[in-house]
Amino acid sequence: DVKVTQSSRYLVKRTGEKVFLECVQDMDHENMFWYRQDPGLGLRLIYFSYDVKMKEKGDIPEGYSVSREKKERFSLILESASTNQTSMYLCASSWEGRWETQYFGPGTRLLVL
Amino acid sequence: EDKVVQSPLSLVVHEGDTVTLNCSYEVTNFRSLLWYKQEKKAPTFLFMLTSSGIEKKSGRLSSILDKKELFSILNITATQTGDSAIYLCAVWGTSYGKLTFGQGTILTVHP
């Protein structure tokens, strides 16, 4: 079974803090993705990566950065958290060339005060 | 810009009812449409549809795609409380690496 894990289920941070969200997959997937999910807006792609050290912007990259130093790990970084970044963050992964079949992690619910 | 719209946004039914969830899309160079079920955790894959008119079925769930009218439906028959979830529709088009998701339909099934 494919397993995608995220470092925290719930996180509370203060405005201006630097926040790291970690995602690890155990299936040797080439592609990894970060989404945020908000009521009424569905899932929106923040960044994705198709290989180690490679990254591409999604639809809403502003205020975020990512890091992929190892194939199995994809980190989402909020350089200076703001209240409008309060959301559910979902990580996903997929095999090379199989962009559509994504396996999701359980999500991190981030609250920025 | 690719767009996916789901309806209704929320639905409340009783056990045993049949429900139909809708997903319409505008995507350049359509490749596939996917349905996911999301309970209080990771979305899990239900169906992938690429061809019009071919019904995909899994137990009480079924889905069909109409590429001419640009929509898909997800049917759930004899609903159970365990069907309560958010149902997500996503489409893969031209954009490299990118699935476009709809807003989701929140289904609540009461005993």
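Everything numeric here is computed off the predicted structure, so don't read it as measured data.

### Overview of the interface of chain B and chain A
Between chain B and chain A, the contact holds 18 residues from the first and 21 residues from the second. Of the roughly 1,700 Å² buried between chain B and chain A on both sides combined, carbon and sulfur atoms contribute 64%. The interface formed by chain B and chain A contains 0 salt bridges. For the interface between chain B and chain A, the tally reads 2 residue pairs in polar contact (both at pLDDT 80 or more). Contributing elements (two or more residues each) for the side of chain B that touches chain A: β4 (32-38), β9 (85-92) and β10 (99-101) of chain B. Top contributing element to the side of chain B that touches chain A by residue count: β4(B), with 4 residues. For the side of chain B that touches chain A, the class distribution of residues is 10 nonpolar, 5 polar and 3 charged.

### Re the packing of aromatic side chains
Enumeration over the complete set of coordinates arrives at 11 aromatic pairs over all chains. Measuring from centroid to centroid gives 4.9 Å for Tyr25(B) and Phe30(B), while their planes differ by 20°, and the two rings are stacked. Here Tyr25(B) matches Phe30(B) in class, with each residue buried. Ring pairs connect the aromatic residues Phe33(A), Tyr35(A), Phe48(A), Phe104(A), Tyr36(B), Phe45(B) and Phe101(B), which therefore count as one cluster.

### Some points on the side chain of Asp2(B)
Residue and element names in this part refer to chain B. Its location among the elements puts Asp2 in the segment before β1 (3-7). For Asp2, a relative accessible area of 14% gives the class buried. For Asp2, the side chain forms a polar contact with the main-chain nitrogen of Thr28, separated by 3.3 Å.

### Some words on a nonpolar patch on the surface
All names here are of chain A. Taken together, the side chains of Val12, Leu111 and Leu113 define a hydrophobic patch exposed on the protein surface, amounting to about 260 Å² of accessible area. Counting through the fold element by element, Leu113 comes out in the segment after β11 (108-112). A relative accessible area of 45% places Leu113 in the partly exposed class.

### Here's the deal with the sheet that holds strand β8 (residues 71-76) of chain B
Residues and elements named next belong to chain B. Taken in spatial order, the 5 strands make up an open sheet running β1-β3-β8-β7-β6, and their pairing is antiparallel. Unpaired on one side and paired on the other, β1 and β6 (56-58) mark the two borders of the sheet. Between one strand axis and the next, the sheet turns by 15° as a mean value, whatever way the strands run. Pairing analysis gives 3 bridges linking β6 to strand β7 (residues 61-66), with the strands arranged antiparallel. If you follow Lys57 over to β7, its bridge partner there is Ser62.

### Looking at the sheet that holds strand β7 (residues 64-70) of chain A
Residue and element names in this part refer to chain A. Reading across the sheet, the 4 strands line up as β1-β3-β8-β7 and stay open at both edges, with antiparallel pairing between neighbours. Edge positions in the sheet fall to β1 (4-6) and β7, since each of these pairs with one other strand and no more. Taken over all neighbouring pairs, the strand axes of this sheet differ in orientation by 20° on average, direction set aside. Relative to strand β8 (residues 73-78), strand β3 (residues 19-25) runs antiparallel, the two being bridged by 6 bridges. Bridged to Glu22 within β8 is Ser75.

### Thoughts on the pattern of salt bridges
Residues and elements named next belong to chain B. Scanning the entire structure with this criterion turns up 9 salt bridges over all chains. Close ionic contact of Arg60 with Asp83 constitutes a salt bridge, the shortest N to O distance being 2.8 Å. Note that Arg60 is positioned in the loop between β6 and β7 and Asp83 in the loop between β8 and β9, a separation of 23 residues in sequence. On the basis of relative accessibility, which here comes to 24%, the residue Arg60 falls in the partly exposed class.

### Some points on the state of the cysteines
Summed over the entire model, instances satisfying the criterion amount to 2 disulfides over all chains. Disulfide pairing is shown between Cys23(A) and Cys91(A); the S-S distance is 1.8 Å. Taking the sign of the torsion about the S-S bond as the criterion, the disulfide between Cys23(A) and Cys91(A), at about -75°, is left-handed. Of this pair, Cys23(A) sits in strand β3 while Cys91(A) sits in strand β9 (residues 87-94), placing them 68 residues apart in sequence. The burial state of Cys23(A) is the same as that of Cys91(A); both residues are buried. In this model, Cys23(B) is linked to Cys89(B) through a disulfide, with the two sulfur atoms separated by 1.9 Å. Looking down the S-S bond of the Cys23(B) and Cys89(B) bridge, the torsion is -70°, so its handedness is left-handed. Taken together, the residues span a long stretch of sequence, with Cys23(B) in strand β3 (residues 19-26) and Cys89(B) in strand β9 at a distance of 66 residues.

Calculation rules
Residues numbered from 1 in each chain as written. Chains lettered and ligands numbered in written order. Predicted model: local features only at pLDDT ≥ 70, side-chain atom pairs only at ≥ 80, totals over all residues. Heavy atoms only, no water. Contact = heavy atoms within 4.5 Å. Buried area = accessible area lost by both parts, 1.4 Å probe. Salt bridge = Lys/Arg side-chain N within 4 Å of Asp/Glu carboxyl O. Polar contact = N/O pair within 3.5 Å; in protein donor to acceptor, adjacent residues only side chain to side chain. Helix = DSSP H or I, 4+ residues; strand = E, 2+ residues; numbered from the N terminus. Nonpolar A, V, L, I, M, F, W, Y, C, P; charged D, E, K, R; others polar. Phe/Tyr/Trp six-rings, centres within 6.5 Å; stacked < 30°, edge-to-face > 60°. Buried < 20%, exposed > 50% of the residue type's maximum accessible area, 1.4 Å probe, protein only. Patch = residues over 30% accessible without salt bridge, like charges linked within 9 Å, V, L, I, M, F, W, Y side chains within 5 Å. Areas by Shrake-Rupley, 256 points an atom, 1.4 Å probe, with all protein chains shown as cover. Pairing = 2+ DSSP bridges. Axes fitted to C-alpha atoms, helices over the stretch in contact; angles between N-to-C directions. Disulfide = S-S within 2.5 Å.

Interpretation in functional terms is not warranted from these geometric data alone.
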